[in-house]
Amino acid sequence: MGDKRDIVWFEEVDKNDVGLVGGKGANLGELSRSDFPIPYGFIITSHAYFAFIEKAGLAKKIGDFLAMVNFDNPKELQEASHNIRDLFYRSELSQELTRKIILFYHDLLAKEKKYLNRRATLLSIGVQQLTTVFKEPYVAVRSSATAEDLPNASFAGQQETFLNIRGEAQLLQKIRECWASLFTERAIFYRHQQGFDSFKVGIAAIVQRMVQSEEAGVAFSVDPTTNDASKIVIEAIYGLGEYIVQGRITPDHYLVDKHTFTILGKQVVPQKIKYVKSKGENKSVSVSSQERSRQKLTDEEILKVAFLTKDIESHYYYPQDIEWAIEGDRVFVVQSRPITTIQKLEQRTSNKEQKEEEFLTHKSKFLILTGSPASPGIGTGPVQIIHSAREIEQIKKGDILVAPQTNPDYVPAMKKASGIVTEKGGRTSHAAIVSRELGIPAVVGAENAIKLLRNSVIITVDGATGEIFRGGRSEEAKTQESRVKGEEKHKRLKTLTKVYVNLAEPERAAETAKQDVDGVGLLRAEFMMAEIGIHPKEFIRRKKSEVFVRKLAHELLRFVKPFHPRPVIYRASDLKTNEYKNLVGGKTYEASEENPMLGFRGAFRYVTDPQVFKLELEALKLIWNMDYSNLHLMIPFVRRPWELVKIKGILDQYEFTKKEDFKLYMMVEVPAAALELEEFLKVGVDGVSVGTNDLTMLLLGVDRDNEHVAHLYDERSSVVLSVLEHIAKICNKYGVTSSVCGQAVSDYPDFVEKLIGFGISSVSVNPDAIERTREQIYQIEHERFRRRKIKNEKLTA
């Protein structure tokens, strides 16, 4: 029947409890259980919300209002939203729930002290510096929708947050307002667009001790504008964090290298106002002239935020968007959520392409102003300036939306725009996040945009550079651009070293297949497993194995079909025990391990407990039965040769070894497999793929996710390079292919040059690195051929 708890403390839930406490609440519970510095609190659950709806008889009334709405008409949305929220305001909480909320509220500070005592013991810090005792504490009340912050959808700012709430009556009122915010016009519109059923989406109310921040901001564990996974982006303002999310203030912008924690760049922006608690109220006050132009965070604080961001990403195994706040000398994480806007970005790699792009897109234009690049792409259209969400009806399809800043109420208009320009806000503001999600070019923090731009004037917005030009592309330029792009599409560079792509998400397969790529060198199973969401053994227990097989085969087909006849190399599931545990039912089947990286995973798991591996083989067999013979298999984390012997025996059961075109590959991640590679190749495989991430960690004895030693991690170190050279040499001796698929191939051009010198037969890179890697390999091979030719000519002269 589901979890029926009405109210819970943070540590009583974790990331698996989204249905009960919503995405935000589940993440706060997960982080508090993992001893991250979270302002303590409790959550009124979605079960309490649904019980409130039922007892007050609101479901039918809400349904009637929604049934009459034209979702494309802002006025009708506004009216329906007003009427529905009024139902919440006029309905009373039950006496039992009211009593529980008040008890939890008055127990908050005592519970927080216990929580902080536990953290202080672990971290050797004093509790007295972490909390201030009030009789009735100030709290923040935050909404947490049960469909919120999913990996494929962003509910950025759609429900309400209330800051500095104090006292029983005010708290109870804000909880009802929080619930009612599930039916703001922006939230109704977004659910309609995404196909979410309003009656299946619940909402929880988070009550969290208020942090009176001197500085606050947002951090991304990858650069959200470029998808650069080696960078951490931090944005900071003075005061409470609401103004940065709303985009009312253009923040400082800091860029940090995720591996070395070197501060790569700083953009310091003067701040005139800040949002603070003053005399019991939230107020906008002036920033002193001494502080106004200062860097918001010290370098030490920048690194503190960066370390936390990296740690949280490592905990979730997924890029994160966190909100943080600094109170005294403590950095608190206010919330964390998956980044929902990671997408394939068009690369501008060679100088030739860049010059053509500049000529074609900037011809007949004049630079008007610049801001911060927020969402890449180029959009052209007539300017339409609006000053508030009440004016969104003025935006027509194809307009360039220009505003002081945006908030979630602007989303219906943003969807129509061909480009977005805001005067305020940074790359983590609402305008930036939503623009990236919608795929609309955007420039934020463009000061005086409203003054310099005029309605109906045609402009072009370049979201990758932050530039705004007068005019649009001429028909001549559009025709020429089309011709050049057509020529470039058919101009495939031929290289001896093959270029494959690493993929995990089915949504990216079809578009990536259009690029100049020789196939999929590493198709990760883990993302597909996570999408299915249930532990494979749970399917077996329920006697639903065929459901899992069909689901996995369906996902595999989305890769195999667009790439056919190019090879797609599927790496069998390499989830570690702690990752398998996160799937539904996982805790039943997975043991707790002190070091999952070196634990029950990879080839050894398949041969000692082959049930799940056999389900994967059934899915592969289904694809082959559809006449897609370009799907092959790679075995990860192979430790000993006998594991390969047993795996080939399992493959015999499914007759894969009898298929003439079927290829079996092994991954070399364990040093023993690299140093004794000949023994493995004698067993018989068609190729080897080197996972430099794990191999480097194991060779150097370094955990790249451990902030204390991560700076020692380097795939380009001499020992790693010598092992890679050895692998290439042995593979060439036995006539099998060798490939390198780790992150280093995408990150370091000099690394690729060394691999080619070793005789590696292919590399496998991230989608955004395909074009530049192909171009680089072409240049390297061309230069090597030229030198060889000159040498031969000298010898024969």
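Reading guide: rules and limits
- Residues numbered from 1 in each chain as written.
- Predicted model: local features only at pLDDT ≥ 70, side-chain atom pairs only at ≥ 80, totals over all residues.
- Heavy atoms only, no water.
- Helix = DSSP H or I, 4+ residues; strand = E, 2+ residues; numbered from the N terminus.
- Buried < 20%, exposed > 50% of the residue type's maximum accessible area, 1.4 Å probe, protein only.
- Contact = heavy atoms within 4.5 Å.
- Areas by Shrake-Rupley, 256 points an atom, 1.4 Å probe, with all protein chains shown as cover.
- Expected span 1.5 Å × (residues − 1).
- Pairing = 2+ DSSP bridges.
- Axes fitted to C-alpha atoms, helices over the stretch in contact; angles between N-to-C directions.
- pLDDT = per-residue confidence, 0-100.
- Phe/Tyr/Trp six-rings, centres within 6.5 Å; stacked < 30°, edge-to-face > 60°.
- Lys NZ or Arg CZ within 6 Å of the ring centre and 35° of its normal.
- Core = buried A, V, L, I, M, F, W, Y, C linked by side-chain atoms within 4.5 Å.
- Lys, Arg positive; Asp, Glu negative; His and termini not counted.
- Salt bridge = Lys/Arg side-chain N within 4 Å of Asp/Glu carboxyl O.
- Polar contact = N/O pair within 3.5 Å; in protein donor to acceptor, adjacent residues only side chain to side chain.
- Parallel < 35°, antiparallel > 145°, perpendicular 65-115°, else oblique.
- Nonpolar A, V, L, I, M, F, W, Y, C, P; charged D, E, K, R; others polar.
- Left-handed = near helix turned anticlockwise from the far one by under 90°.

(A) Molecular detail of the overall build of the protein chain. Helices and strands together make up the secondary structure of the protein chain, namely 31 helices and 29 strands. Evaluated residue by residue, the protein chain yields a buried proportion of 55% over its 797 residues. Partitioning the intrachain contacts of the protein chain with sequence separation of at least 6 by distance along the chain shows that 68% fall at a separation of at least 24. As displayed, the protein chain offers around 34,000 Å² of accessible surface, 50% of which is attributable to carbon and sulfur atoms.

(B) Structural detail: helix α4 (residues 74-89). Helix length check: α4, at 16 residues, gives a terminal C-alpha distance of 22 Å against a target of 22 Å (1.5 Å per residue), a fit within 8%. On the buried face of α4, the contacting elements are α2 (46-56), α3 (59-67), α6 (168-180) and α7 (185-194).

(C) Just the sheet that holds strand β8 (residues 252-257), in detail. Judged by pairing direction, the sheet is antiparallel, and its 6 strands sit side by side in the order β9-β8-β7-β6-β12-β13 without closing on themselves. Among the strands making up the open sheet, the edge pair consists of β9 (263-267) and β13 (330-338). Sheet twist, expressed as the average angle between the axes of neighbouring strands with direction ignored, equals 20°. With 4 bridges joining them, β8 and β9 adopt antiparallel strand pairing.

(D) Examining the pairing of strand β10 (residues 273-278) more closely. Note: β10 against strand β11 (residues 281-286), 6 bridges, orientation antiparallel. Bridging from a neighbouring strand, Lys274 pairs with Val285 of β11. Between β10 and β11, which pair antiparallel one after the other, the connecting turn spans 2 residues, and Lys279 there sits at a positive phi close to 55°.

(E) Here's a closer look at the confidence of the model for the protein chain. Summing up the model confidence of the protein chain, the mean pLDDT is 85 and the portion of residues at 70 or higher is 89%. Per-residue pLDDT stays below 50 along residues 343-365; that stretch engages in 50 contacts with residues further than four places along the chain or on separate chains. Between residues 474-490, whose pLDDT stays under 50, and residues either more than four places distant or in other chains, the model counts 11 contacts.

(F) Molecular detail of the side chain of Glu177. On the secondary structure map, Glu177 appears in helix α6. Judged by its relative accessible area of 17%, Glu177 falls in the buried class. Setting aside residues up to four positions removed in sequence, Glu177 forms contacts with Tyr89 and Phe162.

(G) Quick look at unusual backbone geometry. The linkage connecting His564 with the following residue, Pro565, adopts the cis geometry, with an omega of 10°. If you trace the backbone, Pro565 turns up in the loop between α19 (545-563) and β24 (568-571). Its identity is not glycine, yet Asn164 carries a phi of approximately 55°, on the positive side. Mapped onto the secondary structure, Asn164 falls in strand β4 (residues 161-165). We classify Asn164 as buried; its relative accessible area is 5%. The residue Ser456 is not glycine, and still its phi comes out positive at about 75°. Counting through the fold element by element, Ser456 comes out in the loop between α14 (449-452) and β20 (458-462).

(H) Highlighting the packing of aromatic side chains. Enumeration over the complete set of coordinates arrives at 19 aromatic pairs. Ring centres of Phe604 and Trp642 lie 6.4 Å apart, and the angle between their planes is 80°; on these two criteria the pair is classed as edge-to-face. Linking Phe604 in helix α22 (residues 602-608) with Trp642 in helix α24 (residues 641-653), this pair joins segments that are 38 residues apart in sequence. According to the relative accessible area criterion, Phe604 is partly exposed, its value standing at 30%. If you follow Lys296 out to its NZ or CZ, it ends over the ring of Tyr238, 5.5 Å from the centre. It is Arg601 that lies over the ring of Phe637; its NZ or CZ is 3.8 Å from the centre.

(I) Spatial organisation of the nonpolar core. With 94 residues, the main nonpolar core has Ile44, Phe88, Trp179, Ile234, Trp324 and Leu401 as its most contacted residues. When near neighbours in sequence (up to four residues on either side) are disregarded, Ile234 contacts Val218, Ala219, Asp252, His253, Tyr254, Val256, Leu297, Ile302, Val305, Ala306 and Trp324. Phe539, Val568, Phe758 and Ile780 belong to the second largest nonpolar core, which has 90 residues in total.

(J) Broad picture of the side chain of Glu30. Structurally, Glu30 can be placed in helix α1 (residues 18-33). Although Glu30 is buried, it makes no salt bridge; Lys15 carries the closest opposite charge, 4.2 Å away. Polar side-chain contacts of Glu30 include one of 2.6 Å to the side chain of His315.

(K) Expanded view of the pairing of strand β22 (residues 498-503). For β22, the buried fraction is high: 5 of the 6 residues fall into the buried class. Relative to strand β29 (residues 762-765), β22 runs parallel, the two being bridged by 4 bridges. Paired with Lys498 across the strands is Ser762, a residue of β29. Strand direction decides the pairing type here: β22 and strand β23 (residues 520-524), joined by 3 bridges, are parallel. Bridging from a neighbouring strand, Leu503 pairs with Leu523 of β23.

(L) Up close: the sheet that holds strand β26 (residues 664-668). Pairing in this closed barrel of 8 strands is parallel, and the strands run β22-β23-β24-β25-β26-β27-β28-β29 around the ring. On average, each strand axis in the sheet is tilted by 30° relative to the strand beside it, whichever way the strands run.

(M) Structural view of the environment of Tyr190. In this fold, Tyr190 is placed in helix α7. Classification of Tyr190 as buried rests on a relative accessible area of 7%. The spatial distance from the C-alpha of Tyr190 to the C-alpha of Phe71 is 9.7 Å, given a sequence separation of 119 residues.

(N) Structural context of the packing of α1 against helix α10 (residues 299-316). Running from N to C, α1 and α10 cross one another at 105°; their axes reach a closest spacing of 12 Å. If you check the angle between α1 and α10, you find them roughly perpendicular. Contact with α1, carried on its side by Asn27, Glu30 and Leu31, involves Ile312, His315 and Tyr316 of α10 and no other residues of that element. Residues of the contact of α1 with α10, tallied by class, amount to 3 nonpolar, 2 polar and 1 charged.

(O) Quick peek at the pattern of salt bridges. Tallied over the entire structure, the rule returns 36 salt bridges. The salt bridge partner of Lys174 is Glu177, with a shortest N-O separation of 3.3 Å. Within this pair, Lys174 and its partner Glu177 are both found in helix α6, separated by 3 residues, close to a single helical turn. Grouping residues by exposure puts Lys174 and Glu177 together as buried. Lys296 is paired through a salt bridge with Asp252; the nearest N and O atoms lie 2.8 Å apart.

(P) Structural context of α6. Between its terminal C-alpha atoms α6 stretches 19 Å, which fits the 18 Å expected from 13 residues at 1.5 Å a residue. Considered for burial, the residues of α6 that qualify are Leu171, Leu172, Lys174, Ile175, Arg176, Glu177, Cys178, Trp179 and Ala180.

(Q) Focus on the environment of Gln267. With respect to the helices and strands, the residue Gln267 is situated in strand β9. When the C-alpha atoms of Gln267 and Glu235 are compared, they prove to be 9.4 Å apart, with 32 residues separating the residues in sequence. Dropping the residues within four chain positions of it, Gln267 is found in contact with Pro251, Asp252, His253, Ser372 and Arg427.

(R) Summary view of the packing of α19 against helix α23 (residues 611-625). With their axes 8 Å apart at the nearest point, α19 and α23 run at an angle of 50° to one another. In terms of orientation, α19 lies oblique with respect to α23. In this structure, α19 meets α23 at a crossing whose hand is right-handed. On α23, the residues that touch Ser545, Phe548, Val549, Leu552, Ala553, Leu556, Leu557 and Val560 of α19 are Leu615, Glu616, Glu618, Ala619, Leu620, Leu622 and Ile623.

(S) Up close: the environment of Tyr654. Structurally, the position occupied by Tyr654 is in the loop between α24 and β26. The spatial distance from the C-alpha of Tyr654 to the C-alpha of Leu620 is 9.8 Å, given a sequence separation of 34 residues. The contact partners of Tyr654, leaving out residues within four places of it in the chain, are Lys614, Leu617, Glu618 and Lys621.

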